[in-house]
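Per-entry structural report
Here's the letter readout for the chains.
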Amino acid sequence: IAIAFACRPKLVIADEPTTALDMTVQKRILQLIKAMQTRQQCAVLFITHDLGVAAKLCDEVCVMHAGSVVECAPVRQLFENPLHPHTRGLLDAAMSTSLHVVA
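Below: a short report on this structure. (Residues numbered from 1 in each chain as written. Predicted model: local features only at pLDDT ≥ 70, side-chain atom pairs only at ≥ 80, totals over all residues. Heavy atoms only, no water.)

Right, let's talk about a nonpolar patch on the surface for a bit. Where nonpolar side chains cluster on the molecular surface, the patch consists of Leu11, Ile13, Leu45 and Ile47 and spans about 350 Å² of accessible area. Of all the secondary structure elements, the ones that give two or more residues to the nonpolar patch are β1 (11–15) and β2 (43–47). The exposure class of Ile47 is partly exposed, given its relative accessible area of 34%. (Patch = residues over 30% accessible without salt bridge, like charges linked within 9 Å, V, L, I, M, F, W, Y side chains within 5 Å. Areas by Shrake-Rupley, 256 points an atom, 1.4 Å probe, with all protein chains shown as cover. Salt bridge = Lys/Arg side-chain N within 4 Å of Asp/Glu carboxyl O. Helix = DSSP H or I, 4+ residues; strand = E, 2+ residues; numbered from the N terminus. Buried < 20%, exposed > 50% of the residue type's maximum accessible area, 1.4 Å probe, protein only.)

With 12 residues, helix α5 (residues 85–96) should reach 16 Å at 1.5 Å per residue; the first-to-last C-alpha distance of 16 Å fits that figure. Taken as a whole, α5 has its buried residues at Thr87, Leu91 and Ala94. Here the buried residues of α5 occupy an arc of 60° about the axis, which is enough to place them on one side. In α5, the exposed residues that point more than 90 degrees away from the buried face are Pro85, Asp92 and Ser96. Considering only its buried residues, α5 is in contact with α3 (51–57), β3 (60–65), β4 (68–74) and α4 (75–80). (Expected span 1.5 Å × (residues − 1). Arc of directions from axis to C-beta. Contact = heavy atoms within 4.5 Å.)

This next bit is on the nonpolar core. Counting residues in hydrophobic clusters, the biggest one holds 19 residues, and the most contacted among them are Phe46, Cys58, Val61, Leu78 and Phe79. At the level of secondary structure, the elements contributing two or more residues to this core comprise α2 (23–40), α3, β3, α4 and α5. Of all the elements, α3 adds the most residues to this core, at five residues. When sequence neighbours within four positions are dropped, the list of residues in contact with Phe46 reads Ala14, Pro17, Leu30, Ile33, Val53, Leu57 and Cys58. (Core = buried A, V, L, I, M, F, W, Y, C linked by side-chain atoms within 4.5 Å.)

Attention shifts here to the environment of Leu57. In this fold, Leu57 is placed in helix α3. Separated by 23 residues in sequence, Leu57 and Lys34 place their C-alpha atoms 7.6 Å apart. Not counting the four nearest positions on each side in its chain, Leu57 is found in contact with Leu30, Lys34 and Phe46.

Quick look at the pattern of salt bridges now. In the structure shown here, the tally under the stated rule is one salt bridge. The closest approach of N and O atoms between Glu80 and Arg76, which form a salt bridge, is 3.0 Å. Taken as a pair, Glu80 and Arg76 lie in helix α4 at a separation of four residues, close to a single helical turn. A residue is classified by how much of its surface remains accessible, and Arg76, at 46% relative accessible area, is partly exposed.

A separate point is the state of the cysteines. Following the criterion strictly, the structure yields one disulfide and no others. The disulfide partner of Cys62 is Cys72, and the S-S distance across this bridge is 2.0 Å. Taking the torsion about the sulfur-sulfur bond, which here is approximately 115°, the covalent link between Cys62 and Cys72 counts as right-handed. Placement of the pair is Cys62 in strand β3 and Cys72 in strand β4, with a sequence separation of 10 residues. A relative accessible area of 39% means that Cys72 is categorised as partly exposed. Left unpaired, Cys42 is separated from the closest cysteine sulfur, that of Cys7, by 12 Å. Residue class for Cys42 comes out buried when judged on its relative accessible area of 7%. Its sulfur unpaired, Cys58 is 9.5 Å from the next cysteine sulfur, which belongs to Cys62. The class for Cys58 is buried, based on a relative accessible area of 17%. (Disulfide = S-S within 2.5 Å.)

Honestly, it's all geometry; don't read function into it.
Set out below in structure tokens:
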């Protein structure tokens, strides 16, 4: 993460930066990314399968299916009113596995 922000980029691409981390470490990593983003005033493209993380961290969410973007919306709008069947399926699956996705 330090290397990603070291050159003060305008865009940081964070591809699954919290995969396989326990919740405590995950929280610290997300706080660090958000703090660096704010401090350096850059954009972060956050790629994740974790809808809870996306809900907490992102301003806008794009959902992909079979390699194509099927829906993009502001985070609250997407979680409250998903339009695409794949998005609805992902949210239903997250809810049924006890993930509490709250925007």
